[in-house]
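Remarks on the overall topology
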Amino acid sequence: MARSGLFGAARVARWADTALGPGRGGATADGMATLSDATAEQAALDLGLTAVRVRADWDTARLAGLIEVHGGTARPGWRLRAWNRDDSAVLRGWVALFDAWSLAHPEPDGHEPAAVAEVVSAMPQVLSFLQLSAGPVPVVQLLDLLEQRVTELRTERCEITYDPGLEPGAAQQAPDTAVDAPLAPLLDWALHALAAVGALTCGDGQATLTPLGSWAVWVKLEQICVAAQSPAGNIEQTAEDMLRGCGRLRPNAARAEYRAWLAARPVGAAVTQLVGAARGEDALLRGLAFEALRVVGAPAEPDVRAVLDEPTLRPYALLWLAEHDGADPEDAHEVLTREEATWLWVDTAAAVADHGEAPLLVRHLESAVQPTVPALLDEVRAVGHPRTVQVLVALAAAHPDPALAKAVRRAAFQVHTGAG
């Protein structure tokens with residue numbers, strides 16, 4: 001259902017990918033994602049559609065994340081790239097459209113903006129009722145529910161204004177121009193807008209969620225429940241503080257915490273925060289940030305690819321992308337060069353030295369790609385990691401073999417002094 005509902009949007013998105021790629025001219029007239037007349041006419045000609053249909057499908061493609069517009073240039077979103085191989089990408093695109101139903105089909109003229117905003121805010125409760133009913137519901141019953149919810153919203157934001165003509169202690173409710181606005185026309189608009197995106201059907205005075213709509217509402221309810229059950233209570237924290245709080249959790253518990261934290265935020269903002277945390281000086285947070293990005297999955301791919309040119313993040317990004325493309329996590333390290341693998345070894349050792357125990361640092365030697373400790377020390381000195389000296393000093397202090405510890409201390413001294 002999601003594929004069929006987004007067929008037209010995907011068709012226009014693929015056309016844009018081919019016709020509006022780099023060096024082929026702008027897509028928009030105003031730099032604000034509005035399709036220019038010339039581009040719309042060209043697309044209509046190429047696809048055998050009307051310009052009106054092209055514009056509608058273009059807007060749907062943007063809302064579903066199949067097209068991303070940057071200034072006057074359009075580029076395919078990750079969901080379009082994954083369209084043929086990843087059903088979850090299609091579903092995510094449809095859910096994005098479902099979330100934006102009021103933008104996909106704007107309200108008719110003549111309604112108070114405040115009343116429209118109230119109806120949009122109240123519709124999740126209406127949709128939840130439809131989902132729980134698991135069948136047709138009379139529109140008059142939905143209208144009663146909508147009116148109750150809007151009344152609650154108005155009560156919650158009730159404002160009190162001061163009137164010097166009133167007796168001391170008396171108060172006057174602030175006028176609300178939307179209080180008397182009829183809600184039936186707005187409910188009709190909302191139901192038909194949701195029907196247009198494939199979330200429900202309307203007819204004979206009743207509304208029924210489609211299987212896709214029922215699934216989407218269930219997913220939203222599940223996200224709310226997950227966010228409310230954060231095992232370690234880090235939902236309100238910044239990405240850095242959340243990751244720090246997950247530092248001593250077992251992997252499964254940490255992933256549960258990542259999922260709860262992510263469920264409470266727009267995915268784009270969450271990914272930006274996680275990448276920002278990875279750029280910090282704490283190597284432990286860098287590794288944990290990419291573990292959280294694994295939980296994000298495909299939506300994080302553009303941001304992960306964007307950091308491939310940053311030496312600090314490149315090894316982590318390469319491993320993430322390899323696993324995302326289907327590589328076995330145990331074999332993913334094969335995408336790294338010897339230098340990148342060595343840099344990652346030092347960075348991970350820095351995390352262990354800062355936050356772990358001495359035996360863990362000693363065992364970390366076994367994960368090095370070099371066959372011998374002397375070879376490891378030679379390449380560690382050459383890789384130029386800013387924490388090399390501290391890592392080697394900590395390893396020398398922790399290792400029980402006096403001869404090996406002495407060699408590691410000598411390497412640390414050579415790095416510190418710049419000796420060969």
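Residues numbered from 1 in each chain as written. Predicted model: local features only at pLDDT ≥ 70, side-chain atom pairs only at ≥ 80, totals over all residues. Heavy atoms only, no water.

Section: the overall build of the protein
Selection criterion: A run of H or I in DSSP counts as a helix once it spans at least four residues, and a run of E counts as a strand once it spans at least two, with each numbered from the N terminus. Only protein chains enter the calculation, and the probe is 1.4 Å; a residue is then buried if its accessible area is under 20% of its type maximum, exposed if over 50%, and partly exposed in between. Throughout, a residue-residue contact means that at least one pair of heavy atoms, one from each residue, lies within 4.5 Å. All accessible-area figures derive from a Shrake-Rupley calculation using a 1.4 Å probe, and residue coverage is judged against the displayed protein chains alone.
The secondary structure content of the protein amounts to 22 helices and 7 strands. Looking at the protein residue by residue over its 420 residues, the buried ones come to 43%. Taking as baseline every contact in the protein between residues at least 6 positions apart, the subset at least 24 positions apart corresponds to 61%. For the protein, the accessible area works out to roughly 21700 Å², and carbon and sulfur atoms hold 54% of it.

Things to note about helix H6 (residues 87-99)
Residues spaced three or four apart along an α-helix face the same direction, because each turn holds 3.6 residues. Here is the rule: Helix span is expected to be 1.5 Å times the residue number reduced by one.
Helix length check: H6 (13 residues) gives 18 Å between terminal C-alpha atoms against 18 Å at 1.5 Å per residue, within 8%. Those residues of H6 that sit buried are Ala-89, Val-90, Gly-93, Trp-94, Val-95, Ala-96, Leu-97 and Phe-98.

Some details on the nonpolar core
Operational definition: As used here, the term nonpolar core means buried Ala, Val, Leu, Ile, Met, Phe, Trp, Tyr and Cys residues forming a set that is joined through side-chain atoms within 4.5 Å.
In terms of nonpolar packing, the biggest core is built from 61 residues, with Leu-243, Tyr-258, Leu-274, Phe-290, Leu-293, Val-304 and Trp-345 touching the most fellow members. Excluding residues that lie within four positions of it along the chain, Leu-274 makes contacts with Ala-239, Met-242, Leu-243, Trp-261, Leu-262, Ala-289, Ala-292, Leu-293 and Val-296.

Side note on the packing of aromatic side chains
Here is the rule: Any two of the Phe, Tyr and Trp rings considered here, Trp counted by its six-membered ring, make a pair once their centres fall within 6.5 Å; the pair's planes then place it as stacked at under 30 degrees, edge-to-face at over 60, or tilted in between.
This structure, assessed with the given rule, holds 3 aromatic pairs. With a centroid separation of 5.4 Å and an interplanar angle of 15 degrees, the aromatic rings of Trp-94 and Phe-98 are classed as stacked. Pair noted here: Trp-94 and Phe-98 are both in helix H6, with a separation of 4 residues, about one helical turn. For the pair Trp-94 and Phe-98, one class covers both residues: buried. Measuring from ring centre to ring centre gives 5.1 Å for Trp-101 and Trp-189, while their planes differ by 45 degrees; the resulting arrangement is tilted. Placement of Trp-101 in helix H7 (residues 101-104) and of Trp-189 in helix H10 (residues 184-196) is noted, with a sequence separation of 88 residues between them. Under the relative-accessibility criterion, Trp-101 is labelled buried at 6%.

Let's talk about the packing of helix H8 (residues 113-133) against H10
Using the following cut-off: Axes, fitted as lines to C-alpha atoms, cover a helix only where it is in contact. Angles between the N-to-C directions of the axes lie from 0 to 180 degrees. Oblique is the label for any angle not covered by the other classes, which are roughly parallel (under 35 degrees), roughly antiparallel (over 145) and roughly perpendicular (65 to 115). By the definition used in this description, the sense in which the near helix is turned from the far one sets the handedness, with an anticlockwise turn below a right angle giving left-handed and a clockwise turn giving right-handed. The classification used treats Ala, Val, Leu, Ile, Met, Phe, Trp, Tyr, Cys and Pro as nonpolar, Asp, Glu, Lys and Arg as charged, and all other residues, Gly among them, as polar.
Close contact between H8 and H10 brings their axes to 10 Å; oriented N to C, the two are set at 60 degrees. Judged by the angle between their axes, H8 and H10 are oblique. Of the two elements, H8 crosses H10, and the hand of that crossing is right-handed. Across the interface between the two elements, Ala-115, Val-116, Val-119, Val-120, Met-123 and Leu-127 of H8 pack against Leu-186, Leu-187, Trp-189, Ala-190, Leu-191 and Leu-194 of H10. Split into classes, the residues belonging to the contact of H8 with H10 amount to 12 nonpolar, no polar and no charged.

Comments concerning the side chain of Asp-57
The criterion, for reference: Here a polar contact is taken to be a pair of N or O atoms separated by no more than 3.5 Å, where protein atoms must pair a possible hydrogen donor with a possible acceptor and residues adjacent in sequence count only if both atoms sit in side chains.
Position of Asp-57 among the secondary structure elements: in helix H4 (residues 51-63). Taking relative accessible area as the criterion, Asp-57 reaches 6% and is therefore assigned buried. Within the structure, Asp-57 has its side chain in polar contact with the side chain of Arg-53 (distance 2.9 Å). In this structure, Asp-57 is in contact with Gly-8, Ala-9, Arg-11, Val-12 and Leu-49, ignoring residues within four places of it in sequence.

Comments concerning the pairing of strand E6 (residues 200-203)
Selection rule: Should DSSP find at least two bridges between two strands, the strands are regarded as paired.
Judged from the 4 bridges that link them, E6 and strand E7 (residues 206-209) form a sheet pairing that is antiparallel. Pairing of Gly-203 across the sheet is with Gln-206, part of E7. Counted along the chain from E6 to the antiparallel partner E7, the turn is 2 residues long, and its residue Asp-204 has a positive phi close to 55 degrees.

Taken by themselves, the reported measurements are silent on function.
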